[in-house]
Amino acid sequence: MNTSLPLVAPVEHPQPRGLIAEADAVDIWIARWLRVRRSEILRRYGCDPRRLYEIWEGRRFPASRERALKVFEERYPELIDRTDFGNHRVIPRSNNAPGQLSLFEE
């Protein structure tokens, strides 16, 4: 048995892998709302994870979220009331928070 064959056929993209167009950004928003795993989205587009966060934070293709919402409503009208369309939240991190470090002080 040959185990070196890929289990999933690669997705063909018109642009070079790693480059994301605005149409891709719309699809990335829709995939997020459909709860597609981030690793699967990264595999599809062959991009760095930071590109996804640029889209979800609105730094790249800021109009893509609104376009994606319209497309989602057309494609999946039965999922509108069960989908969380909230913006991507960045978890604030602070290096100066003491947390439980006081437990280790002498």
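So, here is what we can say about the structure in this document. The structure presented is a predicted model; accordingly, all values stated were derived computationally and were not measured. Along every chain, residues carry numbers that run from 1 in the direction the sequence is written. Residue-level local features of this predicted model are given only where pLDDT is at least 70; pairs of side-chain atoms are given and counted only at 80 or more, and the full residue set underlies all totals for whole chains, interfaces and linings. To get the side-chain values, all heavy atoms of the structure are used, and hydrogens and water are removed first.

Quick notes on the packing of helix α2 (residues 38-45) against helix α3 (residues 49-56)
Applicable threshold: Angular values range over 0 to 180 degrees, each being the angle between N-to-C directions of two axes fitted as lines to C-alpha atoms, with helices fitted over their stretch in contact. Note on conventions: DSSP H or I runs of at least 4 residues are helices, E runs of at least 2 residues are strands, and numbering of each starts at the N terminus. Each angle receives one of four descriptions, namely roughly parallel if under 35 degrees, roughly antiparallel if over 145, roughly perpendicular if within 65 to 115, and oblique otherwise. Every residue pair with non-hydrogen atoms within 4.5 Å of one another is taken to be in contact. Each residue gets one of three labels, nonpolar for Ala, Val, Leu, Ile, Met, Phe, Trp, Tyr, Cys and Pro, charged for Asp, Glu, Lys and Arg, and polar for the others, Gly among them.
One way to put it is that α2 packs onto α3 with a least axis distance of 10 Å and a crossing angle of 110°. Taken together, the axes of α2 and α3 lie roughly perpendicular to each other. Across the interface between the two elements, R38, I41 and L42 from α2 touch P49, L52, Y53 and W56 from α3. A breakdown of the residues in the contact of α2 with α3 according to their chemical character gives 6 nonpolar, no polar and 1 charged.

Observations concerning the packing of aromatic side chains
This is how it is decided: Centres within 6.5 Å are what make two rings of Phe, Tyr or Trp a pair, Trp counting through its six-membered ring; a difference in plane orientation under 30 degrees is then read as stacked, over 60 as edge-to-face, and the rest as tilted. Three exposure classes are used, based on accessible area relative to the maximum for each residue type with a 1.4 Å probe and protein chains only: buried under 20%, partly exposed in between, and exposed over 50%.
For the structure on display, the rule yields 6 aromatic pairs. Relative to F72, the ring of W33 has its centre 5.8 Å away and its plane inclined at 85°; by these criteria the two rings are edge-to-face. Taken as a pair, W33 in helix α1 (residues 22-33) and F72 in helix α4 (residues 64-75) lie far apart in primary sequence, 39 residues in all. Grouping residues by exposure puts W33 and F72 together as buried. Taking 5.6 Å as the distance between ring centres and 90° as the angle between the ring planes, the aromatic pair formed by Y53 and W56 counts as edge-to-face. With Y53 and W56 both in helix α3 and 3 residues apart, the pair spans about one turn of that helix. Assessed through its relative accessible area of 26%, Y53 is described here as partly exposed.

Looking at the nonpolar core
Rules: Buried Ala, Val, Leu, Ile, Met, Phe, Trp, Tyr and Cys residues that are joined via side-chain atoms within 4.5 Å together make up what is termed a nonpolar core.
Judged by nonpolar contacts, the single largest core of 20 residues is most densely connected at I28, W33, I41, L52, I55 and W56. Secondary structure elements with two or more residues in this core: α1, α2, α3 and α4. Ranked by the residues each element gives to this core, the list is headed by α1, at 7 residues.

Quick word on the pattern of salt bridges
The cut-off we apply is this: A carboxyl oxygen of Asp or Glu within 4 Å of a side-chain nitrogen of Lys or Arg is what we treat as a salt bridge.
Enumeration according to the criterion identifies 8 salt bridges in this entry. Across the pair E54 and R51 runs a salt bridge, and its minimum N-O distance is 3.0 Å. Of the two residues, E54 and R51 both sit in helix α3, 3 residues apart, roughly one turn of that helix. The exposure class of E54 is buried, given its relative accessible area of 17%. Accessibility expressed as a relative area gives 23% for R51, which makes it partly exposed. Among the salt bridges present, the one from R59 reaches E57, with a minimum N-O distance of 2.6 Å. Classification of R59 by relative accessible area gives exposed; the value is 57%. Beyond isolated ion pairs, a larger network of salt bridges with shared partners links E40, R43 and R44.

Any link to function would need more than the numbers given here.
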